[in-house]
Amino acid sequence: MVPMGRDYDLVCFDMDGTLTRVRSTWKWVHDCLGVDNEANYQAFINQEIDEPEFMRRDIAGWKGAKQDISETDLIKMFHDIPLIEGIQETVATLKDNGMTCVIISGGLEIAAKMLMNEFGFDEVIADHVETDGNGVLTGEGIRNVDLSNKGLTVKEFIKKYDTTPERTVSIGNSFTDISMFQTSGLSIAMNPTDPYTSEAANHTVVSENIADVLDYILPQKP
């Protein structure tokens, strides 16, 4: 039975560049430590290395700058990460209208969980950095999201929350989010970084406030 009073049940948010004002939570750590990962990034974009190796090289750079870098260090760095305005209002309004809000990101799980705890997202899935018993990074990363097909994760959430693609919304900013758009009834490119992302979405929003997406998600009053 279709719930009355709303068109959608599930809203999937990308994190890096969508909820944050920085391109990548990984890059935020690089910048905090004074590490340059451009060579690693280009190698990944050129498909010379896979995601696990990309993570491994990034973490190696961090450990080169701070040998005993820990989960606690990352948490401290993310306290200062710049966020887009309106996250609290957006999540609260969607949940007040009966929708589930999740984050799907190739960014760092530590940052995603901090956003979940602060703003009330229902669930997050993002990439994880492995730590030892003392919370120190081991140098390995754990890929929880396939950047080449984030739509697979959208499908998993659709099944988990017993809804349909038609009643699902996806919000993202880059080409890695296009597969999310293709798995959703409504797709919104939020401050897109390239024309392909905008073309793939139903709507494009260019704004300093993510609450502007609500105009497209909530039922329009007569």
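Just so it is clear, the model here is predicted, and its values are computed rather than measured.

Chemist: Could you clarify how one ought to interpret the overall build of the protein chain in this entry?
Modeler: Per the secondary structure count, the protein chain includes ten helices and seven strands. Whereas a compact globule of 222 residues would reach a radius of gyration of roughly 17 Å, the protein chain reaches 18 Å, a difference of no more than 12%. Oriented by its inertia axes, the alpha-carbon framework of the protein chain measures out at about 60 × 35 × 30 Å. When each of the 222 residues of the protein chain is scored for burial, the buried share is 51%.

Chemist: Would you explain the pairing of strand β6 (residues 186–190) in this entry?
Modeler: Two faces make up the sheet, and in a regular strand the side chains alternate between them. For β6, the tally of buried residues reaches five of five residues, placing the bulk of the element in the interior. Residue alternation in β6 divides its side chains into two sets, L186, I188 and M190 and S187 and A189, and both sets are buried. Sheet topology places strand β5 (residues 168–172) next to β6; four bridges connect them, and they run parallel. Along β6, the bridge assignment pairs V169 with L186. Following the backbone out of β6, through helix α9 (residues 195–200) and into the adjacent parallel strand β7 (residues 203–205), one traces a crossover that is right-handed.

Chemist: Explanation requested: the packing of helix α1 (residues 25–33) against helix α3 (residues 51–65) in the structure shown.
Modeler: How two helices pack is summed up by the angle between their axes together with the distance between the axes. Close contact between α1 and α3 brings their axes to 10 Å; oriented N to C, the two are set at 20 degrees. Taken together, the axes of α1 and α3 are roughly parallel relative to one another. Considering how the two elements wind past one another, α1 and α3 form a crossing that is left-handed. For the pair formed by α1 and α3, the contact residues are W26, V29, H30 and L33 on the first element and M55, D58, I59, W62 and A65 on the second.

Chemist: What should I look at first to understand the packing of helix α2 (residues 38–45) against α3 in this one?
Modeler: Closest axis-to-axis distance for the α2/α3 pair is 10 Å, and the angle between their directions is 180 degrees. With respect to their mutual orientation, α2 and α3 come out roughly antiparallel. Here N40, Y41, A43 and F44 of α2 come into contact with α3, specifically with E51, F54, R57 and D58. Here the contact of α2 with α3 is composed, by residue class, of four nonpolar, one polar and three charged.

Chemist: In this structure, what is going on with the state of the cysteines? I would like to understand it.
Modeler: Where two cysteines share a covalent bond between their sulfur atoms, that bond is called a disulfide. The tally for this structure, following the rule as stated, stands at zero disulfides. Free cysteine: C12, not disulfide-bonded; nearest cysteine sulfur from C101 at 9.3 Å.

Chemist: Is there a simple way to think about helix α4 (residues 71–78) in this case?
Modeler: The α-helix winds at 3.6 residues per turn, so residues separated by three or four positions along the chain end up facing the same way. D73, L74, M77 and F78 are the residues of α4 that are buried. Down the axis of α4, the buried side of the element spans an arc of 135 degrees, and every buried residue falls inside it. Among the structural elements, α1, α3, β2 (100–108), α6 (109–119), β3 (123–131) and β4 (137–142) are those in contact with the buried residues of α4.

Chemist: Even after reading the chapter, I still don't get the packing of aromatic side chains, so can you show me in this structure?
Modeler: Pairs of aromatic rings are described using the distance from one ring centre to the other and the angle between the two planes. Under the definition given, this model contains four aromatic pairs. Geometrically, the ring pair formed by F157 and Y161 is stacked, given 6.2 Å between the ring centres and 25 degrees between the ring planes. Residue Y161 is classed as partly exposed on the basis of its relative accessible area of 28%. Positioned above the aromatic ring of Y41 is the side chain of R23, whose terminal nitrogen or guanidinium carbon lies 4.3 Å from the ring centre.

Chemist: For this particular structure, what's the right way to read unusual backbone geometry?
Modeler: With phi around 55 degrees, D162 is a residue other than glycine that occupies positive phi space. As for its position among the elements, D162 is in the loop between α7 (151–160) and β5. In this structure, N191 is a non-glycine residue whose phi angle is positive, near 50 degrees. Tracing the backbone shows N191 in the loop between β6 and α9.

Rules behind the numbers
Residues numbered from 1 in each chain as written. Predicted model: local features only at pLDDT ≥ 70, side-chain atom pairs only at ≥ 80, totals over all residues. Heavy atoms only, no water. Helix = DSSP H or I, 4+ residues; strand = E, 2+ residues; numbered from the N terminus. Rg over C-alpha atoms; globule rule 2.2 N^0.38 Å. Buried < 20%, exposed > 50% of the residue type's maximum accessible area, 1.4 Å probe, protein only. Pairing = 2+ DSSP bridges. Right-handed = clockwise from strand over helix to strand, strands pointing away. Axes fitted to C-alpha atoms, helices over the stretch in contact; angles between N-to-C directions. Parallel < 35°, antiparallel > 145°, perpendicular 65-115°, else oblique. Left-handed = near helix turned anticlockwise from the far one by under 90°. Contact = heavy atoms within 4.5 Å. Nonpolar A, V, L, I, M, F, W, Y, C, P; charged D, E, K, R; others polar. Disulfide = S-S within 2.5 Å. Arc of directions from axis to C-beta. Phe/Tyr/Trp six-rings, centres within 6.5 Å; stacked < 30°, edge-to-face > 60°. Lys NZ or Arg CZ within 6 Å of the ring centre and 35° of its normal.

Bear in mind that shape data such as this cannot, by itself, settle questions of function.
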